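# Descriptive analysis of the structure
What follows is the residue order along each chain.
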Amino acid sequence: MEPASGLRLDHNHKLSLREFPYIVRWRDDRCKRCGQCTAVCPVKAIEATVKVQRYVSSEGASPAPKAERKVIQIVEQVTDMERYCTGCGACTLVCPNEAIEPEFNPQNKFLHYKNKGGEGYKRGGRRNDPSISTLDRLKFTRISMLTDPALDAGRHEFRIRTLLGRILPPEELPLKIENNKLSINKDSAKFIPPVREIYPIMIGSMSIGALSPPMWEGLAMGVSYLNEVEGMPVVMCSGEGGMPPRLLKSKYLKYFIIQIASGYFGWDEIIHALPHMVEDPAAIEIKYGQGAKPGDGGLLMAQKVLNLIASIRGVPQFIDLASPPTHQTKYSIEEAVAKMIQSMSMAWGFRVPVYPKISGSRTARAVLNNLARNPYAAALSIDGEDGGTGAAYNVSMDKMGHPIASNLRECYLDLVKQGKQNELPLIAAGGVGKKGNLAANAAALIMLGASAVSIGKYIMQAAADCFGDEYNRCNLCNTGKCPRGITTQDPKLYRRLDSDKVAERVVETFKAADVELRKIFAPMGRSTELPIGMSDGLSTDDKAMAKRLGINYAC
Amino acid sequence: MCRLAAITSNNFFSPMENILALETMKEGHDGSGLGLTLKGLGGEFKDLTKYPIMSGICSKKGIKALDDYMKKNGFRLKHIWTPKIKPVKGIVPRDYYFARVYDYPSSCKDKSFSEKEGLLMNTRIALRNIGESDESIFVFSFYPDVITIKEVGDPLELGEFFGLDSDGLKAKVIFAQGRQNTNYQIYLYACHPFFIQGYCSMTNGENTAFVPIREFLMSRGFTGYMGYNSDSEVFTHILHYASRQLNFPLIYYKDVITPLKISEMENRKDSGALRLIKQSLRPLCIDGPNMVIGFTPDGTCFMVQDSKKLRPGVVAGVKGKYALMSEECGVDRAVPKRDKSMDIFPMKYDMVIISPGAEEVKVWNQLQG
């Protein structure tokens, strides 16, 4: 409809700022118009503009108002949904006068509009659910008191270690007795699977490509330092996308778990490096699913596929790298998974544990039982719905998946029923440290039956100050415009990140978690072995939760 | 914490010796119970050692059910021992305390001893299941040459109650526990010592790793791994599992319940086997402040403890008679005339092993193997 002549154009077709998830609060009185905020904003949600303002002033003893029009410069938030403020706060960080700050708007209608061009909203990060997770509702209530002395976390010797690899049932150990001593019966044809002693908190799979070079390098340096200097056998998973060839041929490879996923990205380089490897990797992880986006394959957006990434992955530059949702060779779990495990085991002469990773699911027990019958399956990693990702549809992240606590627990109890709880280690992931309680969440999962836990988002936040949270803050990992330089391949952005600092923070984080784990285990009287399945140590204040997890209800 | 008094000797002696030793440690038990296990029986049982003995307590109704069950399954009663009960204030007598000697059913006469052991254990469990809900039947052990007595009360008063001071009941190995009830209800099946197929142990200290250990044992598919009214019962079952089911030599019990660190295994010639044991039996690491005293079917006695046990037990005596106790005052009562400088307080890597007949004491060091 044509506007009536002479009338001002109305703005009813535009969105109001109230629909946006973050509203930028800008203070005219503090702003010195330096322009740093508009320059740093990764999504151009704010821009410098001019406005005409009418000033009314009066001088003299009696009122004599005078109106005056002035042109002023301001910083304004745009109302284009494609340039919505993500709330990252980079503007606040660079502002010299604290003149600008995004504020979360709980009334936003963001998801109603973020589907332009018929394309669903894609993002990085993890489930936008700020509620308290099950893991954070678990407490440790079996405290050793007068009947059983508690230990001193500071002075007592603790062995916080776990096993990664298929463990033989005691009845099947190839042992013989000679002179009242046991020894390994070398005449026995029994296969003794490889088992690694590792730290029970692992760094989960985040690829080179998803992460920027300084971020991945920082994690790798931190992990190597923890092993070589601190004596903490922390391992880290490569994610899908290969590893730098120099690292593959180095002695540090033993601290890394190499992941193979449905796109097989990077595996050409890995296979070619095999004859030159001086150490075996810690393990091989076969990715079948990811907790953040169950049923989806990996996705690396074209804008992140630069020269380095393209060469490591063996693909052309600037194309979307989508891994299929399933392995193309997968016909049935009995056949394909077993074959995959066999093939990977064979590639390293059966010296390396090989295990699958799946997303948390009602069907996890079916996978578990299949693996329990496969003597070459080294573990099962289950990634719960609170796990993170570099790129996925919002609907997958927010609405698909299974919480890790009950999924892990039912799998563990299933193994207990079969007497195989010590044979097939369970690795739990997805939301460990979601609210910052890394050690407490890890210990709770261990007491529910996990042999180890895996972290991703937590270490990005702790080691590199990732902005993301469960209020959809930032979550730009998929765009390659990470304002922290963590998930970008743009040198202008990733030069903000110092890999040495990342490594330092990784070390600090693990050392602190180690102290906190002691502070949990010591009052519970445990120091020698990890309290896997010590469910009597846990309580929750929710009766239904207690019943489901088979733990105490305490209030 | 429970007080433990074990004596092994090459001569028969009365369980009163153990009870008097417990009396010297009285500040450590609160009269919530006494458990006695006797092995290598003398007196009226001396010539009956090849026949299984059922030890327990029944109500009037229970003994009838027990008799019916045993008859139905072909066991023939050969001999009955019952204590001469003396009324003691504070102890409520139950209807019928007994140790009954049976002959095996004729159908299993030609079976191996291992098969007979299975039958005895299953019979004990069946009777427990029949009488546990209404407490009409308690059966503590059913095995050749072993008697078990348990009751709630002060040990010395119970000794008087059962008339053990005048009874001819004697044995060469006797274990006694004075209970200090802690986190579980006072219940006869929660009273140490625990016994299964020739293996016996008693423990002090709370078991922090109880739940995973119980789950592991119960998932072994062995019917005898049940009960667990006390968290300490798992120590006996681990002993049975490692020694009988896995056929490990006794010293490996120490390696199972208190495994070495990988770096500590280097000096052991059997380090390859140790690594596998440590991995495969990881859930059986006791990881708690416990001291375990036990015996095996051949009469070997031992003491072992976790490094977190702040106050070690003591093993001392003379050739032919040794005491394994939680407190030294108990040893002083049991074997007063000895060279005290030779008393052994086992440290975290030690396992003290006394050969059958109390002939020889060895301290086996786990680091050296």
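Definitions and limits used
Sequence positions are assigned chain by chain, starting from 1 and proceeding in written order. Labels are handed out in written order, letters beginning with A for the chains and numbers beginning with 1 for the ligands. Where local features are concerned, this predicted model is filtered to residues with pLDDT of at least 70; where side-chain atom pairs are given and counted, the filter is 80 or more; whole-chain, interface and lining totals use all residues. Water and hydrogen atoms were dropped before computing side-chain values, which therefore reflect all heavy atoms in the structure. By this definition, two strands are paired if DSSP reports at least two bridges between them. The numbering of helices and of strands both runs from the N terminus, where a helix is a DSSP run of H or I of at least 4 residues and a strand a run of E of at least 2. A fitted line through C-alpha atoms represents every axis, and for helices the fit uses only the stretch in contact; the resulting angles, taken between N-to-C directions, go from 0 to 180 degrees. Only heavy atoms enter the contact rule, under which two residues are in contact if any of them lie within 4.5 Å. Residues enter patches when they are more than 30% accessible in relative terms and free of salt bridges; like-charged ones are connected within 9 Å and nonpolar ones (Val, Leu, Ile, Met, Phe, Trp, Tyr) within 5 Å. Surface accessibility in these figures is a Shrake-Rupley result with a 1.4 Å probe; residues are shielded only by whichever protein chains are displayed. Any carboxyl oxygen of Asp or Glu that lies within 4 Å of a side-chain nitrogen of Lys or Arg is treated as forming a salt bridge with it. Defined here as a combined quantity, buried area equals the accessible surface (1.4 Å probe) lost by two parts on assembly, summed across both. Two N or O atoms count as a polar contact when they lie within 3.5 Å, although within protein this holds only if one can serve as hydrogen donor and the other as acceptor, and sequence-adjacent residues are included solely when both atoms are side-chain atoms. In this count, Pro and Cys sit with the nonpolar residues alongside Ala, Val, Leu, Ile, Met, Phe, Trp and Tyr, while Asp, Glu, Lys and Arg are called charged and the others, Gly among them, polar. A helix is expected to reach a length of 1.5 Å times the quantity of its residues less one. Here's how the labels work: a residue is buried when its accessible area is under 20% of the maximum for its type, exposed when over 50%, partly exposed in between, all with a 1.4 Å probe on protein chains only. Each nonpolar core is a collection of buried residues, namely Ala, Val, Leu, Ile, Met, Phe, Trp, Tyr and Cys, held together in the definition by side-chain atoms within 4.5 Å.

## Side note on the sheet that holds strand β2 (residues 34-41) of chain B
Residues and elements named next belong to chain B.
- Across the sheet, which stays open at both edges, the six strands sit in the order β7-β2-β8-β1-β14-β13 with antiparallel pairing between neighbours. What marks the edges here is a single partner per strand, and that holds for β7 (146-151) and β13 (314-318). When strand polarity is set aside, the average angle formed by the axes of neighbouring strands in this sheet is 10°.
- Packed onto the sheet, helix α1 (residues 16-24) meets β1 (3-13), β2, β8 (171-178) and β14 (321-325) and runs at close to 150° relative to β1.

## A closer look at a nonpolar patch on the surface
- Together, V50, V52 and V71 of chain A make up an exposed nonpolar region whose accessible area comes to about 280 Å².
- Relative to the helices and strands, V71 of chain A resides in strand β3 (residues 66-77).

## Observations concerning the interface of chain A and chain B
- Taken together, the contacts link 46 residues of chain A with 42 residues of chain B.
- For the pair chain A and chain B, the summed buried surface comes to about 3,800 Å²; carbon and sulfur atoms form 55% of the total.
- If you look at where chain A meets chain B, you find five salt bridges.
- For the salt bridge of E529 of chain A with K278 of chain B, the shortest nitrogen-to-oxygen distance reads 3.7 Å.
- Our enumeration of links across chain A and chain B arrives at 20 residue pairs in polar contact (both at pLDDT 80 or more).
- The set of elements that each furnish at least two residues to the side of chain A that touches chain B consists of β7 (162-164), β8 (175-178), β9 (181-184) and α11 (404-418) of chain A.
- Its residues assigned to classes, the side of chain A that touches chain B comprises 21 nonpolar, 15 polar and ten charged.

## Topic: helix α6 (residues 233-245) of chain B
All names here are of chain B.
- An ideal rise of 1.5 Å per residue puts 18 Å on 13 residues; α6 measures up with 17 Å between its terminal C-alpha atoms.
- α6 sits mainly inside the fold: eleven of its 13 residues count as buried.
- In this structure, the buried residues of α6 make contact with β9 (194-196), β10 (199-204), α5 (210-218), α7 (252-257), β11 (291-295) and β12 (301-305).

## Examining the nonpolar core
- Grouped together as the largest cluster of nonpolar side chains are 112 residues, with contacts concentrated most on I201 and F510 of chain A.
- Among the elements that make up this core, the one with the highest residue count is helix α12 (residues 438-448) of chain A (nine residues).
- Apart from residues lying up to four places away in sequence, F510 of chain A is in contact with Y199, I201, I203, L226, M232, V234, I455 and I459 of chain A.
- Listed in part, the 48 residues of the second largest apolar core include A242, Y252, L281 and V292 of chain B.

## Section: the pattern of salt bridges
All names here are of chain A.
- Per the counting criterion, the structure on display carries 56 salt bridges over all chains.
- For K434, the salt bridge is made with D386, and the minimal N-O distance between the two is 3.4 Å. Of this pair, K434 sits in the loop between β20 (426-429) and α12 while D386 sits in the loop between β18 (380-383) and β19 (388-393); the two residues are 48 residues apart in sequence, bridging distant segments of the chain. The exposure classification of K434 matches that of D386, with both residues buried.

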